[in-house]
Amino acid sequence: MASLSARLVIASAALLLAAPAGAQGDSSPWAPWIGCWDLVPGRSLPATSERVCVIPAERAAAVDLVSVEGDSIIASQHLVSSADDRALRQGDCNGVEHVQASGARVYLRTTMRCGEQDRLVNSVMAMSRDGEWLDVRGVAFGPNVGVRVSRYRETPASAELPAEVAAALNGRPRGMHPARLAASGPVQLRDVVEASSLLEVGVLQTWLAERGQGFGLDAQGLVALEESGVSPQVIDIMVALSY
């Protein structure tokens, strides 16, 4: 954990030197998610105290995704938005990870070979229309396939956080600041086309269903989606949401 703590100290120091407060976060493709978030219990999720913080790293394209419990960090993951794949090794599994953050959404795709079986994790980080973080994650491991949705709500300002996390986030905007407001805006047809090239069909369908947004599709829009290679199953759910 020492390396993570060191990165957080550097990040918080950089905030003191940067001007103005929040400007660096606004220029980051991770800006809508920077901060701490609490899991929202759902029909299939029991009440929980799960808390996740998205911490800016030294590079604007990178963040540390940190799981916290009270004033302790219990797990962390370093994510870098890049056009290149990054090699991964987890136990007996080897593979690559691709992360693409645009400021409106973050797409993650991890492919691993574990013994004789392949594993795929494909997910999107997005914002709901009311500023909740939507995490839609598809997992395929051998013959087992599933999609899970998690919703996170911004942690109250009074919440207890690890000291290094609180320092790294000091001065960061909260609530529906401009970057978060923009990411919560309507999903356009071009956004669906982009997502269809980066997400598995089931993950994309689930994200659109969770957003619950209509598209006002007409014949021209349907043809444009088909010609752009959007899956018929995805178009079907867009039609269902629109009428």
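As the structure is a prediction and not an experimental result, all values here were calculated from the model.

All right, on to the confidence of the model for the protein chain then. Confidence in the prediction for the protein chain averages 87 pLDDT; 87% of positions are at 70 or higher. Long-range and interchain partners of residues 1–25, a stretch whose pLDDT sits below 50, account for 33 contacts in this model, where long-range means more than four residues apart.

At a minimum axis distance of 9 Å, the contact between helix H6 (residues 201–211) and helix H8 (residues 232–242) shows a crossing angle of 10°. One finds that H6 runs roughly parallel with respect to H8. In this structure, H6 contributes Val201, Leu204, Gln205, Leu208 and Ala209 to the contact, and H8 contributes Gln233, Val234, Ile237, Met238 and Leu241. Of the residues contributing to the contact of H6 with H8, the split by class is eight nonpolar, two polar and no charged.

Let's shift gears to the packing of helix H7 (residues 219–227) against H8. Between H7 and H8, the shortest axis-to-axis distance is 10 Å and the interhelical angle comes to 155°. If you check the angle between H7 and H8, you find them roughly antiparallel. Every pair of crossing elements has a handedness; the one defined by H7 and H8 is right-handed. Contacts from Leu222, Leu225 and Glu226 in H7 reach Ile235, Met238 and Val239 in H8.

Its location among the elements puts Ile73 in strand E4 (residues 72–80). Judged by relative accessible area, which is 14%, Ile73 ranks as buried.

A covalent bond between the sulfur atoms of two cysteines is what we call a disulfide. On inspection of all chains with the given rule, the structure shows two disulfides. Between Cys36 and Cys53 runs a disulfide, and the two sulfur atoms are separated by 2.0 Å. Residues Cys36 and Cys53 share a disulfide whose torsion about the S-S bond is about 105°; that sign makes it right-handed. Placement of Cys36 in strand E1 (residues 35–39) and of Cys53 in strand E2 (residues 51–56) is noted, with a sequence separation of 17 residues between them. Across the protein chain, the way the bonded cysteines pair up, counted in sequence order, is 1-2, 3-4.

This brings us to the pattern of salt bridges. On inspection of all chains with the given rule, the structure shows 13 salt bridges. Close ionic contact of Asp38 with Arg51 constitutes a salt bridge, the shortest N to O distance being 2.6 Å. With Asp38 in strand E1 and Arg51 in strand E2, this residue pair connects regions lying 13 residues apart in the sequence. The salt bridge involving Arg180 is made with Glu154; its shortest N-O contact spans 3.3 Å. Residue Arg180 is found in helix H4 (residues 178–183), and its partner Glu154 is found in strand E10 (residues 144–154); the two are separated by 26 residues along the sequence. Here Arg180 falls in the buried class, since its relative accessible area comes to 1%. Each of Glu132, Arg151, Arg153 and Glu210 takes part in salt bridges that share partners, so that together they form one network.

In this section: the environment of Gly142. As for its placement among the helices and strands, Gly142 is situated in the loop between strand E9 (133–141) and E10. Ignoring sequence-local partners within four residues, the contact set of Gly142 consists of Gln117 and Asp118.

Of the positions making up H6, those classed as buried are Val203, Leu204, Thr206, Trp207, Leu208 and Arg211. One or two steps after H6, the chain reaches Gly212, where phi turns positive at roughly 65°.

Turning to the pairing of E10, a few remarks are in order. Where E1 lies against E10, three bridges are found, and the strand directions are antiparallel. Considered in E10, the bridge of Trp37 is made with Glu154. Relative to E10, E9 runs antiparallel, the two being bridged by nine bridges. Across the sheet, Leu134 pairs through a bridge with Arg151, a residue of E10. The antiparallel pairing of E9 with E10 creates a hairpin that spans two residues between the two strands, and Gly142 there sits at a positive phi of about 60°.

Reading the values: rules and limits
- Residues numbered from 1 in each chain as written.
- Predicted model: local features only at pLDDT ≥ 70, side-chain atom pairs only at ≥ 80, totals over all residues.
- Heavy atoms only, no water.
- pLDDT = per-residue confidence, 0-100.
- Contact = heavy atoms within 4.5 Å.
- Axes fitted to C-alpha atoms, helices over the stretch in contact; angles between N-to-C directions.
- Helix = DSSP H or I, 4+ residues; strand = E, 2+ residues; numbered from the N terminus.
- Parallel < 35°, antiparallel > 145°, perpendicular 65-115°, else oblique.
- Nonpolar A, V, L, I, M, F, W, Y, C, P; charged D, E, K, R; others polar.
- Left-handed = near helix turned anticlockwise from the far one by under 90°.
- Buried < 20%, exposed > 50% of the residue type's maximum accessible area, 1.4 Å probe, protein only.
- Disulfide = S-S within 2.5 Å.
- Salt bridge = Lys/Arg side-chain N within 4 Å of Asp/Glu carboxyl O.
- Pairing = 2+ DSSP bridges.

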